[in-house]
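Residue strings, one per chain:
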Amino acid sequence: MSNARLILVALICAAPAILLLDGPIAQALVAGIVAAGIVIVGRNMHPGETKFLISVIRPLAVAAAVPALWMLIQILPLKAAAHPIWGSAETALGRSIAGSISIDVGATTLALGQYLILLAVGLLSAAVAVDRQRAEWILFSLTGTSALMVLIVTTHDLFGLAFLSAASFARSQVIDCVAIGTVISAAAGIRTVERLETRKASPGRSMPLLLFTLAACSGTFAICLAALILGATGGVIVAAAYGLVALASVVAIRRLGLGPWGIAAIEIAAIGVAVFIAAGQPGLRTKSFLLAFAATAPASLTETSQRMLDDAPSTGIGAGTFAAIAPIYRELDDLSAAPAAPTAAATIAAASEPLPP
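Computed from a prediction, not measured in an experiment: that's the story for all the values here.

Across its full length, the protein chain carries 14 helices and 0 strands. The order of α-helices and β-strands along the protein chain, N terminus first, is α-α-α-α-α-α-α-α-α-α-α-α-α-α. Every one of the 357 residues in the protein chain was classed for burial, and the buried ones make up 34%. When contacts within the protein chain are restricted to residue pairs at least 6 apart in sequence, those whose partners lie at least 24 apart make up 67%. Carbon and sulfur atoms make up 72% of the accessible area of the protein chain, which amounts to about 19800 Å² in all.

Turning our eyes to something else, we now look at a nonpolar patch on the surface. Together, Leu69, Leu72, Leu76 and Leu78 make up a nonpolar patch on the protein surface, roughly 320 Å² of accessible area in all. Counting through the fold element by element, Leu69 comes out in helix α4 (residues 47-75).

Side chains bearing opposite charge may pair, as long as their charged atoms lie close to each other. Summed over the entire model, instances satisfying the criterion amount to 4 salt bridges. Glu49 is the partner of Arg134 in a salt bridge, and the nearest nitrogen-oxygen pair spans 3.4 Å. Of the two residues, Arg134 sits in helix α7 (residues 132-159) while Glu49 sits in helix α4, which places them 85 residues apart along the sequence. Like Glu49, Arg134 is buried. The shortest N-O distance in the salt bridge between Arg191 and Glu194 comes to 3.3 Å. Placement of both Arg191 and Glu194 in helix α8 (residues 170-197) is noted, with a separation of 3 residues, approximately one turn of the helix. Sharing partners across several salt bridges, the network here consists of Glu136, Arg191, Glu194 and Arg195.

Quick look at the nonpolar core now. In this structure, Leu8, Val34, Val41, Met45, Leu124 and Val128 are the most contacted members of the largest nonpolar core, which totals 16 residues. Among the elements that line this core, the one with the most residues is helix α6 (residues 105-128), at 5 residues. Setting aside its immediate chain neighbours within four residues, Val34 contacts Leu11, Ala120, Val121 and Leu124. Core analysis: the second largest hydrophobic core is formed by 14 residues, Met149, Val153, Val174 and Val236 among them.

The class of Glu194 is buried, set by a relative accessible area of 14%. Here Glu194 is in contact with Arg254 and Arg255, once residues within four sequence places are set aside.

Moving on: α4. Largest kink in α4: about 45 degrees, centred on Ile57, with the proline Pro59 one to four residues after it. Regarding α4, the residues found buried are Glu49, Leu53, Ala64, Ala68, Trp70, Met71, Gln74 and Ile75.

Calculation criteria
- Residues numbered from 1 in each chain as written.
- Predicted model: local features only at pLDDT ≥ 70, side-chain atom pairs only at ≥ 80, totals over all residues.
- Heavy atoms only, no water.
- Helix = DSSP H or I, 4+ residues; strand = E, 2+ residues; numbered from the N terminus.
- Buried < 20%, exposed > 50% of the residue type's maximum accessible area, 1.4 Å probe, protein only.
- Contact = heavy atoms within 4.5 Å.
- Areas by Shrake-Rupley, 256 points an atom, 1.4 Å probe, with all protein chains shown as cover.
- Patch = residues over 30% accessible without salt bridge, like charges linked within 9 Å, V, L, I, M, F, W, Y side chains within 5 Å.
- Salt bridge = Lys/Arg side-chain N within 4 Å of Asp/Glu carboxyl O.
- Core = buried A, V, L, I, M, F, W, Y, C linked by side-chain atoms within 4.5 Å.
- Bend = angle between axes of the 7 residues up to and from the residue.

Right, here's the structure in full:
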């Protein structure tokens, strides 16, 4: 399992490069690396760990299989449920075409592959993190990668380099990673403090190493928080703050020994805050809920997505086909490219999820 751990840690540390060089080649490399890690896990995982892992992932497996099954259905030649564009193509070509729900079978097949890669990464992460010590490796690797993400954003903003501007929404994706890193670095710091408190029970732990780890986690949290305040949108900051509050709630429950009523009060308060934030979004009253929080996307692209959602059939247009059809829905004076939907929810709704009548 140590080899699987090293593979996962290497993959986490390579995340900035994968983000900036995203493409079919990078995705294929990730798929190969993750496949090797899963093979190692399957051969070396202890029976007790396997039993625990299955008990954890079993409820999630069914839910995770639904989008994959739907994307598979979208690429099948189902003439009865085919997108109307295939009927138009059949008329233009003067011959029968076995159409599908997707308007681009190749793009949907690629999207299915990408989704399966994500599931494989999640499975590998869960298998490695079954052991507490291996889980700590993952936690601290994510913390270090978060610091690297901040360095990338800072370098781009200070020196005006083009490597983030060249990729579609690359900067906003890096900022999203920094927001997650803020919560992760806080969790790593809390874990280090707990190690310091229980050091007497484990004399073998090095005090200088623990203090250095705490300083590194605190520094990463500080620079991630600063990068968020200076470069993130309000929505991302609120999401990061919500994550930190959730983490603080967990610590409070453990430290104060809150009973069921205390836990219920925290949950009610969290739900109330979430509802208040959602109700305060003006976009909820003017456009689809799926696009109401797309604050980081260009307005023209958000409007394009809204028109696509309004016009999409109930079966969707096929996962991964947003870029192919978006130019049709842009305004004549809109010369901007539209490589991706402004939100993941919009992508799923326009591509693969049934819309309400």
